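The lines below spell out each chain.
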Amino acid sequence: MDIFIAPLKFYSALLLQNLVKELSKRFTSNIHIIELKMNLDDFLFFERGQYFSTQIIAEAMKLTDEFDGKIILLTNVDIFVPVLTFIFGEAQLNGKHSILSVCRLHEEFYSGISNESLLFERTIKEALHELGHCYGLRHCIDWDCVMHSSPGIEEVDIKGNTYCHKCISKIEGYKQ
Ligand SMILES: [Zn+2]
Ligand SMILES: [Zn+2]
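In what follows, the accompanying structure is described. Numbering of residues starts from 1 in each chain and follows the order in which that chain's sequence is written. Throughout, the order in which chains and ligands are written sets their labels, letters from A for the former and numbers from 1 for the latter. Reporting in this predicted model follows two pLDDT cut-offs: at least 70 for local features of residues, and 80 or more for side-chain atom pairs to be given and counted; totals over whole chains, interfaces and linings ignore these cut-offs and use all residues.

This brings us to the pairing of strand β5 (residues 69-75). Burial in this document is a count-based property: other C-beta atoms within 10 Å of a residue's C-beta are tallied, and the residue is buried at 20 or more, exposed at 12 or fewer, or partly exposed in between, with C-beta positions derived from the backbone. Where helices and strands are cited, they refer to DSSP runs of H or I of at least four residues and of E of at least two residues respectively, numbered from the N terminus. With six of seven residues buried, β5 lies mostly within the body of the structure. Sheet topology places strand β1 (residues 2-8) next to β5; seven bridges connect them, and they run parallel. Paired with F4 across the two strands is I71, which belongs to β5. Strand pairing requires that DSSP identify at least two bridges connecting the strands.

Right, let's get into the environment of P151. On the secondary structure map, P151 appears in the loop between α4 (116-134) and α5 (153-158). In this structure P151 comes out as exposed when scored by C-beta crowding, with 12 C-beta atoms within 10 Å. It is 27 Å that separates the C-alpha atoms of P151 and I33, two residues lying 118 residues apart in sequence.

Quick look at the packing of helix α1 (residues 13-26) against α4 now. Two elements in contact, α1 and α4, have axes separated by 10 Å at closest approach and are oriented at 50°. It follows that α1 is oblique to α4 by the angle criterion. The interaxial crossing formed by α1 with α4 has right-handed handedness. Between α1 and α4, the contacting residues are L15, N18, L19, E22 and L23 on the first element and L119, F120, T123, I124 and A127 on the second. Axis definition: a line fit to C-alpha positions, over the contact stretch in the case of helices; interaxial angles, taken between N-to-C directions, run 0 to 180 degrees. An angle below 35 degrees is treated as roughly parallel, one above 145 as roughly antiparallel, one from 65 to 115 as roughly perpendicular, and anything else as oblique. Handedness of a helix crossing follows the sense of rotation of the near helix relative to the far helix, less than a right angle counterclockwise being left-handed and clockwise being right-handed. Think of it this way: build a C-beta for each residue from its backbone, and any pair within 7 Å is a contact.

Treat this as a map of the structure, not an account of what it does.
Written out as structure tokens, the structure reads:
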């Protein structure tokens, strides 16, 4: 089953390229970059200055019938669901679609100092995490596992960057 990455308001070609490279190393699936004709501004909530991720996923579902596999919507904008101040990502449990925002994975968001390798490390962790949900995984209590919940950036940095043995058995085509 292939993995499709759809950049939406995502402008870092290098980060995208590195993500594709890393996912290709880890999965036997082919990794594709696809273009979806949708306007994220339709999902901007002006009073919050953020984009409603569940609605973005719902719109993407209408546009992606032709793609057989898992789809990650990748964006730079800050996303939310109404009960939370922000989220790094959202995924359909055992489904096809997920969304990942790198907005708050940037170190400059917290300290004002950019750190590209840390951004990459955080991005791959959260991409694997959202993919894990699409493959049917729920949150894991093992801190070495990328499926550990990460409501804040501290938890993203603390948890491991791959799946634990229990979780890995549910991921299709995972190599390492
Ligand atoms: Zn999660
Ligand atoms: Zn696990």
